[in-house]
Structures are given as structure tokens and as C-alpha cells.
There are 2 protein chains.
Amino acid sequence: MDGSLSGLGDISTPGRVAGPEEGVTAQELALAARNHGLPLEALRYDVTPPGLHYVLVHYDIPATDADGWRLTVGGRVLRTLDLDLAELRARPAVTRRVTLECAGNGRARLTPRPVSQPWLVEAVGTADWTGVPLADLLAEAGTAEDAAEAVFTGADHGVERGVEQDYRRSLPLATAADPARDVLVAYAMNGAPLPPQHGSPLRLVVPGWYGMAHVKWLHDITLTDTPYTGFQQSVAYRLRRDAEEPGEPVTLIAPRALMVPPGFPDFMSRTRVVRPGAVPLTGRAWSGHGPVTRVEVSEDGGAAWTDAEIARDPAHPWAWSAWRTTWTATPGLRHLTVRATDAAGNVQPLDPPWNRGGFANNLVQRVEVLCTPEASGARSAGA
Amino acid sequence: MDGSLSGLGDISTPGRVAGPEEGVTAQELALAARNHGLPLEALRYDVTPPGLHYVLVHYDIPATDADGWRLTVGGRVLRTLDLDLAELRARPAVTRRVTLECAGNGRARLTPRPVSQPWLVEAVGTADWTGVPLADLLAEAGTAEDAAEAVFTGADHGVERGVEQDYRRSLPLATAADPARDVLVAYAMNGAPLPPQHGSPLRLVVPGWYGMAHVKWLHDITLTDTPYTGFQQSVAYRLRRDAEEPGEPVTLIAPRALMVPPGFPDFMSRTRVVRPGAVPLTGRAWSGHGPVTRVEVSEDGGAAWTDAEIARDPAHPWAWSAWRTTWTATPGLRHLTVRATDAAGNVQPLDPPWNRGGFANNLVQRVEVLCTPEASGARSAGA
């Protein structure tokens, strides 16, 4: 199923970490140009508008045909299923608002920098996903007693670190079949059929897990009696310090708060400009480990903190929470910082948690803000 | 209207060019993460699906309210206009399919690299724009005899190279009022209201011109009797070799052909993998100077060329044309290259045309492709 491709030579090299002074490479730039983040001002939308939700495509967006699409469910099941989209859409559906984040979010803020998709803080989005609960499909198929995992295969095909593959990931059966986990086989995003880049026509949604688990362009679910050890499960998406460690699997989303940068920006530096006085600060916070219980804001890079108010929406437990506070800006260069704490006690770190793959780096966001003197002559942001 | 912001210091520095060995900087990466290109496989769509069309936002996507939006037309006119969206939508509308490209497309492929939005080749998209012809609005307002230019103001506000500003650009009146130029005041994209990042609720569309002319979040049109010399007209968007030159204005889109990369990719290098034999090559080509008259493909980086077939669609003169050819792939590492020629005789260069701002770099695209030997054991791309 995965095959090593002879003749690849230099075109599909092992993972590496950048040298100490090494700037972002042309390869990383090409990935940044294809795969985009959420512009931070778009945190203002409860549900991220189409085109602003982050996108990560490992290989290419496959050319899929919704009409001919089939989802097969097999392996260690009592009955195999072979369903087209019409049959899936005919089943009882649910809609869940889910905040999704790429496991590599924050990677490019690590030193040394793991060389891969170079995210800063913006690989996130929130959408309403509609589909069939996976638990219902598995109940319909019936799971064999020795079924241990569910392996999900998508249509995107490529080669990575020398291994040719279709994108494939597994979940423990306990997670896949747990109704409380709300895993969906989704065919709609924000009320419309899935866009091409978000998995058209069918994808998995695993609320609270990082994005690699949410297999896109999904066409097969196979239950196995042994753990899946393919590339995206055992090579990629592991927390390691050294290359030869097996590492720990990447799973639930670590807590993160993001701030809508206040005032207006400088085009190049993205430093913000505000006038002295009361400045509303707003943003979002989330965690895959449980509800966010605290959001704190600092204007001095984390020396002193004040609490922000969190607005929890019980209707959408898998979606980010809104937070807000008012900052009294005084002239000078300020370093706004925000950090989230979740119900399990996890707190965002002020120092980056380094690992070789650059995963789960939920280092606090830092926003540089220049508060101008009153008499600067700068006019306030016009509309 | 434009104001220098005192106290900015290091946060809004002059334009610069990267040092000879300088990798992409964190600031450039932040711009690449916010502003994305068209994933090249998406060239397969005649009209770019929402979310895949390139996005360039100078400052922030402003929070706009369609209900309260007004467009004013004034200055050297006989009658001022003050219209809301309902009034604009009530007027006779047209829809035009337009291929749009960022003036900075190709910038990051220049050496030395101008430090700004670091595009490679992907800053492009094609959409159906619906709106009121600008020529009709200007005829309604009546242009004074001394009117020379139309100045367009958008709602995005920021500071750039020390100059605080709303994004503002002008067109010569002859261009703005020319029915054949098809300049639109557009309120819909692909049949739906403009998305936030594409100018909601109103924008300019100037077919054949680079993207900087297509002012988004448009709220004012003012006719002037003297040329507009604000930041985005006289500092930015000029073709210069030295900083102190006035430079030539950036206007019409230079010819470009892009190829859908064949086969499947390596995740990191984006090198493509194909099997020996007949490989269909497809893509798009366009020019703001006139129809594309020739598309040529090379497998050896430009030593030898063969002609591709071009499919022109007379219904959409402002949109890219599709091209196709069949390549016979033989084992080895190949350097596929494609170049367009337009009716005005402009040809894409094989050497990058350098200028200090990194504009209009229509250097040919190069796609590295590994053709594997027959007996490599690599299986063909699955679906």
C-alpha cells in the first residue's frame, strides 16, 4: 500500500531541521503559497467564511467526481458497506461547529526550525460540518470482536520522504465509534457541498483532534485488528526530539488563544498602530482537551497578565470560544500576548515546546503594537 | 489624505532588496501565510472555485457592512452620485469573466529578491464578476471637461513605508470611461456577493490590468484634473532599477502561461513523478496586452520547444485560454517549461526581468519532473 519509490534520489529527502541562521527556503515558500492560513482579522467571524479557513493539502487537491464517489466500509466488520453520496445524504445527518487546527501550526516559530509547511499561528478555522455520524456507520456495519482500529484512506496521492502513498490515517476504534467524540463522515461545509480543497465530496471530521486526523477526499474505511503503522501514523505526526525515537502520537489539539491584532497594520512588518486610550481586544480560544477556562492578556510580553472575559457557547462545544477585554494603551512599543488555559489544566507556554517535527507548538501569540503619542498627527483609521 | 506617521521608527521601513544569501524572512513568511496563491492543480477549473483564487490584502480585510455601504462619485463631475448597494444593483449589470494577477507575481524568483509579498508563480485566479459598467456611472455623473483621472478609494487602512493611508489608486479617465475596457464596479463574484477578502461589498475590476488597479472595498470615486500621485500610484507599483528613479507605471498584465504540474508530487520538494509514455500537459495562458497567440512547451528548460494547442473562448476575451499538449516522458529528471506569446508580440522571458519592486516578473514557470523507469515498482497514482 505504501511503496518506496526507487529512483527518487534527491527529490524526496528525509525530514530535516534548518541550520541556525538558515532563512526560510524556496521549498517552504512554495508550501506557504499553496497552503494558507486564516488572516487574523477574520477571527471576528464566528464561522470562518469560505476561502479564509486554513488549507493544508499534502499532495494535490484531487480531481474528484461527486457523482461517481463511493465510500466503502470493510475489514473487521460483520457487513461491508458500499455507499454513494446519495445514500449517505439519505441517512440521518448532524451538523457540528468544529474548530480545526493544523498539527504543524506554530512550526516556523521554533528554533531550530523543522523544515516543512512553515506555519506561524494562523493554521486554524471554524466551520459547520454536516454529515453522518461515523458511530452510526460502524454500528450499521457491525464491528468484529477483534477490531482495534479504523483506517481511513483519502484520494490524495503523492510521495513523502521517499514513500509513495495515498494519504491514510487511523483512529483507535474506541475513538472512532464513540458517539461522544462526534466523529463525522461529512459532505457539507457551512451548508454547501465541500469545496475541493476541503475534501470534496467526503471527508472525516474528528472534533478536538488536530487536522491530520480529518482525512479528506475519503473513500475507504477499513477496520483492522492490529495498529496501523503507515507513514502518516508512524513516521509523520509523532512528537520526537531525535530522529530515531518512535515518538508519541500527535492527537488532541493543545490549547491556544489568538487575538485579532488591534488598530491598523504596517504592510511589511505587520506591527499594529493604535492611539492612546481604551482599545478593545478580542479573539478566540480553544482546546481539544476540554473547554477553555481562562484567557489572559499581557501588554509586556508576559510579565504581567490580566484576565479576559470568555463567552462560552454551549450550543457549540467543539468550536472556539470568543474572548474580550479592554486594554488601556499608552504611548510606546507594546508586546501584546495572550494565553489560554483549559479545563484539564494545560496552559500555553511562553517558551516554545520543541520537537523535531514541529508539531503542537502552542507557544503564545505575540503582537507588536506601536501606540502613538496623542499629538502625532496620525489620523484615526478611516472607513 | 496620505500622512506620514511620526514615531514609527523601525516599524514601517523603506523598501529593500534582500542580501545575496538571505533566505526568506519571517516578515515575508507572515505575508505568505495571510495571502495565498492558486494551487496549480486548480488551473483545471475554468472559473476558480471560491477559496482557491489568489488573495492579496495590503492591510486588513476591513469589517464592512453591505447594508450601510455607499459609493460616492464626485470631483470634476457635472452631478455627484451617492448610491447604496440596492441602487447599484438596480442598474443594468454585466458579468465578465476576468483573469486577475497580482503585479508582484514572480517577485520571489528574482535575485536579488525584493522584500515584499513573496510570490512564486501562483498569484492568479479567474472569476465571473458582476456589476455596473464604470463607463455608465461616469456618463450618468457627467465628466467635466478638465477631468483627467479617476481616483478610487477603498476601505483598507494601514501604513506602508512610513505613509499612513487608505488604499487608493487612479486610472486615466480615458481608461476608466472606455466602454471597451469593461471596467466594472462589481458587487458579485461567481454569482454570489463578494467574499470579504475579495472586496465585500463593492470593488473595481479593470480587465487586463494587474491586481493593484482593482480597488477593493470601494466607496469613493473622485475625478481630478491633475494626475494622482499618492503612495500606491507614485511610490509603489513602479518599474525601477534604482530607488531614486520615478520609474514607469505598472499597468497591463504581461503574458504568462502556467502548467498544471503533471503526475503526483513529492510533499516537500514539489517535484513531480510520472511514468514513461504519453503524459497530457494542460494549463492556462493570458496577457493583458492582447490574446495569447502561442504557447510552447519544453522538457529541457528551454533549449527545444514544441507548440501546444490553444483553446480560445470568444465568449470570455478577458479570461485565460486553455492550452494542451501531449508530452512523451522518458526516464530521467526533466525540466518542463512553458511560455506564452501574445498578439502584441510580447514573449515570456527565460531570464527574469529584474526591477527593484519585483513587479511584472513573468519569467517562465519551471516544473521539475522525475520520470521513473518502467520497472521501478512504483504504482500509478490511485484515486
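Residues numbered from 1 in each chain as written. Chains lettered and ligands numbered in written order. Predicted model: local features only at pLDDT ≥ 70, side-chain atom pairs only at ≥ 80, totals over all residues. Heavy atoms only, no water.

Per an unreviewed UniProt entry, chain A is named DMSO/TMAO reductase YedYZ molybdopterin-dependent catalytic subunit, and its organism is Streptomyces nymphaeiformis. In its Cofactor (unreviewed entry) section, the UniProt record describing chain A reads: "Mo-molybdopterin". (UniProt positions renumbered as here; feature names shortened; annotations may be inferred.)

(A) Representation of the overall build of chain A in the model. Summing up its helical and strand segments, chain A has five helices and 23 strands in all. For chain A, whose C-alpha radius of gyration is 22 Å, the value lies close to the compact-globule estimate of 21 Å for 383 residues. For chain A, the spread of C-alpha atoms along the principal axes amounts to about 75 × 50 × 40 Å. Taking all 383 residues of chain A together, 61% fall into the buried category. Nonlocal contacts in chain A, meaning residues at least 24 apart in sequence, comprise 73% of its contacts between residues at least 6 apart. With 35 positive and 44 negative side-chain charges, chain A shows a separation of 5 Å between the mean positions of the two kinds. (Helix = DSSP H or I, 4+ residues; strand = E, 2+ residues; numbered from the N terminus. Rg over C-alpha atoms; globule rule 2.2 N^0.38 Å. Buried < 20%, exposed > 50% of the residue type's maximum accessible area, 1.4 Å probe, protein only. Contact = heavy atoms within 4.5 Å. Lys, Arg positive; Asp, Glu negative; His and termini not counted. Charge placed at Lys NZ, Arg CZ, Asp CG, Glu CD.)

(B) Representation of unusual backbone geometry in the model. Here the bond from Ser200 of chain A into Pro201 of chain A is cis, since omega is 5°, no more than 30 degrees from zero. Note on placement: Pro201 of chain A falls in the loop between β9 (192–193) and β10 (203–205). Between Thr111 of chain B and the following residue, Pro112 of chain B, the backbone shows a cis peptide bond with an omega angle of -5°. Relative to the elements of secondary structure, Pro112 of chain B occurs in the loop between β4 (94–101) and β5 (124–133). Even without a glycine there, the phi angle at Asp182 of chain A is positive, about 60°. Its place among the elements puts Asp182 of chain A in the loop between α4 (173–176) and β8 (184–189). Residue classification places Asp182 of chain A among the buried residues on the basis of a relative accessible area of 17%. Positive phi values are uncommon outside glycine, yet Trp217 of chain A reaches one of about 50°. For Trp217 of chain A, the position within the fold is in the loop between β10 and β11 (218–224). Its relative accessible area of 1% is what places Trp217 of chain A among the buried residues.

(C) Region of interest: the UniProt feature "domain: Oxidoreductase molybdopterin-binding" (unreviewed entry) in chain A. Per the UniProt record, "domain: Oxidoreductase molybdopterin-binding" (unreviewed entry) is annotated on residues 58–231 of chain A. Structurally, residues 58–231 of chain A comprises 11% helix and 39% strand, and the distance from its first C-alpha atom to its last is 13 Å.

(D) The domain arrangement of chain A, seen in detail. Residue and element names in this part refer to chain A. Examined at the domain level, chain A breaks down into domain 1 (22–236) and domain 2 (256–371). The gap between the C-alpha centroids of domain 1 and domain 2 is 27 Å. If you look at the interface, domain 1 gives 32 residues, while domain 2 gives 26 residues. Together domain 1 and domain 2 conceal approximately 2500 Å² of surface at their shared face, both sides included; 58% is due to carbon and sulfur atoms. For the interface between domain 1 and domain 2, the tally reads two salt bridges. Glu101 is paired through a salt bridge with Arg256; the nearest N and O atoms lie 2.7 Å apart. (Domains from an automatic or database assignment. Buried area = accessible area lost by both parts, 1.4 Å probe. Salt bridge = Lys/Arg side-chain N within 4 Å of Asp/Glu carboxyl O.)

(E) Focus on the relation of the copies chain B and chain A. When chain B is fitted to chain A, the best match, at an RMSD of 0.0 Å, comes from turning it 180° and sliding it 0.0 Å along the axis. Look at the turn and shift together and you get a two-fold axis relating the two. Among all residues of chain B, the one whose C-alpha sits closest to the rotation axis is Gly51 of chain B, at a distance of 1.6 Å. Same-surface contact between copies: 99% of interface residues of chain B are shared with the interface of chain A. (Least-squares fit on C-alpha atoms with pLDDT ≥ 70 in both.)

(F) Region of interest: the sheet that holds strand β21 (residues 321–329) of chain B. Residue and element names in this part refer to chain B. Strands sit in the order β14-β17-β21-β20 across an open sheet of four strands; the sheet is antiparallel. Two strands lie at the open edges of the sheet, namely β14 (256–259) and β20 (309–311), each paired on one side alone. Put simply, the sheet's adjacent strands are angled 30° from each other on average, direction ignored. (Pairing = 2+ DSSP bridges. Axes fitted to C-alpha atoms, helices over the stretch in contact; angles between N-to-C directions.)

(G) Quick peek at the environment of Thr126 of chain A. Residues and elements named next belong to chain A. As for its position among the elements, Thr126 is in strand β5 (residues 124–133). Between the C-alpha atoms of Thr126 and Trp320, which are 194 residues apart in sequence, the distance is 7.5 Å. Excluding residues that lie within four positions of it along the chain, Thr126 makes contacts with Asp46, Val47, Thr48, His53, Arg97, Val98, Thr99, Ala319 and Trp320. Among the polar contacts made by the side chain of Thr126, one reaches the side chain of Thr99 at a distance of 2.7 Å. (Polar contact = N/O pair within 3.5 Å; in protein donor to acceptor, adjacent residues only side chain to side chain.)

(H) View of the interface of chain B and chain A. Facing 76 residues of chain B, the contacting portion of chain A comprises 75 residues. In total, chain B and chain A occlude about 6500 Å² of area from one another, counting both sides; carbon and sulfur atoms represent 60% of this. Among the residues of chain B in contact with chain A, Ile11, Phe267 and Met268 of chain B are the three that bury the most area, contributing 13% of the side total. At the surface where chain B touches chain A, the tally comes to six salt bridges. Here Glu41 of chain A makes a salt bridge to Arg34 of chain B, at a shortest N to O gap of 2.7 Å. Where chain B meets chain A, there are 27 residue pairs in polar contact (both at pLDDT 80 or more). With nine residues, helix α1 (residues 26–34) of chain B is the single largest residue contributor to the side of chain B that touches chain A.

(I) Spotlight on the packing of aromatic side chains. Using the criterion set out here, one finds six aromatic pairs over all chains in the structure. Ring geometry for Tyr237 of chain A and Phe359 of chain A: centres 5.1 Å apart, planes at 35°, overall tilted. Of this pair, Tyr237 of chain A sits in the loop between α5 (231–235) and β12 (238–239) while Phe359 of chain A sits in the loop between β22 (332–342) and β23 (365–371), and the two are 122 residues apart along the sequence. Comparing Tyr237 of chain A with Phe359 of chain A shows no difference in burial state: the two are buried. Between Tyr54 of chain B and Trp119 of chain B the ring centres are 5.9 Å apart and the planes differ by 85°, which places this aromatic pair in the edge-to-face class. With a gap of 65 residues between them, Tyr54 of chain B in the loop between α1 and β2 (70–75) and Trp119 of chain B in the loop between β4 and β5 connect regions that are remote in the sequence. As far as the burial class goes, Tyr54 of chain B and Trp119 of chain B line up, both buried. A cation over a ring is seen here: Arg339 of chain B above Trp305 of chain B, with NZ or CZ 4.1 Å from the ring centre. (Phe/Tyr/Trp six-rings, centres within 6.5 Å; stacked < 30°, edge-to-face > 60°. Lys NZ or Arg CZ within 6 Å of the ring centre and 35° of its normal.)

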